[in-house]
Amino acid sequence: MPALKPRTVALHASTRLESKSQPVVPAIHVSAVSFFDDADALDASLDGKDFVYTRIAGQNAALLEEAIAALEGAEACVAYGSGMAATRALLHGSKLVRGDAMVIAADGYGATRSLVKQFCAEREVALHPLALHAADAADRLRALKPKLVLAESMTNPLLSVLDPRGLARACRDVGAVLAVDATFVSPVLQRPLALGADLVLQSTTKWINGHSDATGGTVSGSREHIEPLRAARILHGDVLGPFEAWLTLRGLRTLPVRMAAHSANALAVARRLSQSKLLERVLYPGLESDPNHRVAREVLDGGFGGMVAFEIRGADRARCFRFLERVKLARPAPSLGDVMTLVMHAASASARRMTPEERAAAGIRENLIRVSVGLEDPDDIADDLLSAVGAAME
Ligand SMILES: *Cc1c(COP(=O)(O)O)cnc(C)c1O
């Protein structure tokens, strides 16, 4: 071949690095497409035997999926661009048809509820929001005979702890698929599949990533459940990009040590808050006085998580907003699972898309604040929260 001209050289020079070394940290595979020296290998890659095109399978997403499957104790995992995309994929893959019934947690995540409501209306599926942590939940499931139950390990924002074991038995009896959104507890504190769930959802945006720098979501379960979702993702295209997958895997490396520290901090903060006369109720499943404590001891392992909620005595929405403006360390931000403490007014944020009647029925009051306890010193966090409550109520 004659000498190449500069325009060609600029494109083709230095596209490969020959090396036997293995990086300790995986590379970020930004290449949306790969080529093969061997045409048979290219051909096989199009049947899913190798990485060839990121929408079909991306290297970084695949590494994250493998790590999350391992933590969840699952055969397989599929990752999406957000927790909501994962939830939508799960609903879409559920094969619910007109006349079927579906059950969701009555006090679950607001956006999930809106999505499920829309989905059920479009498909003419009967939707039943139930208090799934209540003693009669399994009996009610047997009577309703749903095809799909979407529960939450710990509900948002009231932190009710679910016992998936009784629900799983009821679901098996009526042939329902039990999916558990375990975002609030992470795979470190609970592995819902081992407690009888068929599928487990994570918004990796929260504890798994842990640093608020990438959105993502996963669904994990048996190969039989997950492979159809993976096939659907190729067509729907809602993949997790390489940068987000890489950051999320980096966050996941420290998830177990972070969860232990978040749990210890949250318990210390909840104990301090419980002593304040300015607060009406402090909700934390790790407190012995909490109504969820007994169940939490049975279904959570290694801590009670980083989420605490409290009601400011006599506060309306304006006072709660003032509280959000008075905190100095905690960030008023509508998310959770960060290394920093985040606070949020439940009724106007996570439960924003619920009607006032739905909020009242779920027990979400106007004076409820949700805290995602960070890794600061717990005394500093408690001091910050209590002084902001004091300032808001002056
Ligand atoms: C945040 C959250 C979601 C949605 O996840 P995104 O990554 O924000 O799309 C779903 N379920 C729960 C319990 C959540 O907290």
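Presented here is a report on the structure given in the accompanying data block.

This part covers the overall build of the protein. Regarding its fold elements, the protein presents 15 helices and 12 strands. Relative to its length of 394 residues, the protein is compact, with a C-alpha radius of gyration of 23 Å against a globular reference of 21 Å. Overall, the protein is about 85 × 50 × 35 Å in size when its C-alpha atoms are taken along their principal axes. By residue count, 49% of the 394 residues in the protein fall in the buried class. For the protein, restricting intrachain contacts to residue pairs at least 6 apart in sequence, the fraction spanning at least 24 positions comes to 73%. Carbon and sulfur atoms form 54% of the exposed surface of the protein, whose accessible area is close to 18700 Å². Seen as two clouds, the 45 positive and the 46 negative side-chain charges of the protein have centres 3 Å apart.

Now for the pairing of strand 1 (residues 76–80). Burial analysis of strand 1 places five of its five residues in the buried class, the great majority of the element. Side-chain alternation along strand 1 places Ala76, Val78 and Tyr80 on one buried face and Cys77 and Ala79 on a second face that is also buried. Bridge analysis of strand 1 against strand 7 (residues 217–221) gives five bridges, and the strand direction is antiparallel. In the sheet register, tyrosine 80 faces strand 7, and the bridge partner there is glycine 217.

We now examine the nonpolar core. Formed by 69 residues in total, the largest nonpolar core has its most connected members in Leu273, Val308, Phe310, Ile312, Phe323 and Leu385. Val78, Ala86, Leu91 and Leu96 belong to the second largest nonpolar core, which has 24 residues in total.

Moving on, we get to the sheet that holds strand 5 (residues 177–181). Overall, mixed pairing links the seven strands, which are arranged 1-7-6-5-4-2-3 in an open sheet. Edge positions in the sheet fall to strand 1 and strand 3 (126–130), since each of these pairs with one other strand and no more. Neighbour-to-neighbour, the strand axes of this sheet turn through a mean angle of 20°, independent of strand direction. Here three bridges tie strand 2 (residues 101–105) to strand 4 (residues 148–152), and the two strands are oriented parallel to one another. Across the sheet, the residue bridging to valine 103 is valine 149, located in strand 4. On top of the sheet, helix 4 (residues 83–92) reaches strand 1, strand 2, strand 4, strand 5, strand 6 (199–203) and strand 7; it is set at about 155° to strand 6, its chief contact.

The ligand sits among Ser82, Gly83, Met84, Tyr109, Asp181, Thr183, Phe184, Ser203, Thr205, Lys206, Gly216 and Leu336. Glycine 83 places a polar main-chain atom, nitrogen or oxygen, 2.8 Å from an oxygen atom of the ligand. Contact between the ligand and aspartate 181: a nitrogen atom at 2.7 Å from a side-chain N or O atom of the residue. In the complex, 91% of the free accessible area of the ligand, which totals 380 Å², lies under the protein chains.

Moving on, we come to the environment of arginine 281. Tracing the backbone through its elements, the reader meets arginine 281 in strand 8 (residues 279–283). Separated by 44 residues in sequence, arginine 281 and glycine 237 have C-alpha atoms that sit 44 Å apart. If sequence neighbours within four positions are ignored, arginine 281 has contacts with Leu158, Ala309, Phe310, Glu311 and Gly363.

In terms of burial, helix 4 is a largely internal element, seven of the 10 residues being buried. Three or more residues of helix 4 are buried, namely Gly83, Ala85, Ala86, Thr87, Ala89, Leu90 and Leu91.

A word on the state of the cysteines. Under the counting rule described, the total for this entry stands at zero disulfides. There is no disulfide at cysteine 120, and the cysteine sulfur nearest it, in cysteine 171, is 15 Å away.

A few words now on helix 5 (residues 110–123). One turn of an α-helix holds 3.6 residues; hence residues three or four places apart share an orientation. With 14 residues, helix 5 extends 20 Å between its outermost C-alpha atoms, agreeing within 8% with the 20 Å of an ideal straight helix rising 1.5 Å per residue. Looking at helix 5, one finds that the buried residues are Gly110, Thr112, Arg113, Leu115, Val116, Phe119 and Cys120. Where the residues of helix 5 are buried, they touch helix 4, strand 2, strand 3, strand 4 and helix 14 (356–362). Within two residues after helix 5, glutamate 124 carries a phi angle of roughly 55°, on the positive side.

This next bit is on the pattern of salt bridges. Tallying each qualifying case throughout the model produces 19 salt bridges. The salt bridge involving arginine 365 is made with glutamate 280; its shortest N-O contact spans 3.3 Å. Here arginine 365, found in the loop between helix 14 and strand 12 (368–372), pairs with glutamate 280, found in strand 8; they are 85 residues apart in sequence, far enough to count as distant. Looking at arginine 365, the relative accessible area reads 39%, which means it is partly exposed. Overlapping salt bridges, with partners in common, bring together Glu65, Glu227, Arg230 and Arg233 in one network.

What counts, and where the lines are drawn
- Residues numbered from 1 in each chain as written.
- Predicted model: local features only at pLDDT ≥ 70, side-chain atom pairs only at ≥ 80, totals over all residues.
- Heavy atoms only, no water.
- Helix = DSSP H or I, 4+ residues; strand = E, 2+ residues; numbered from the N terminus.
- Rg over C-alpha atoms; globule rule 2.2 N^0.38 Å.
- Buried < 20%, exposed > 50% of the residue type's maximum accessible area, 1.4 Å probe, protein only.
- Contact = heavy atoms within 4.5 Å.
- Areas by Shrake-Rupley, 256 points an atom, 1.4 Å probe, with all protein chains shown as cover.
- Lys, Arg positive; Asp, Glu negative; His and termini not counted.
- Charge placed at Lys NZ, Arg CZ, Asp CG, Glu CD.
- Pairing = 2+ DSSP bridges.
- Core = buried A, V, L, I, M, F, W, Y, C linked by side-chain atoms within 4.5 Å.
- Axes fitted to C-alpha atoms, helices over the stretch in contact; angles between N-to-C directions.
- Near = heavy atom within 4 Å.
- Polar contact = N/O pair within 3.5 Å; in protein donor to acceptor, adjacent residues only side chain to side chain.
- Disulfide = S-S within 2.5 Å.
- Expected span 1.5 Å × (residues − 1).
- Salt bridge = Lys/Arg side-chain N within 4 Å of Asp/Glu carboxyl O.

It is worth stressing that arrangement in space is one thing and function is another; only the former is reported here.
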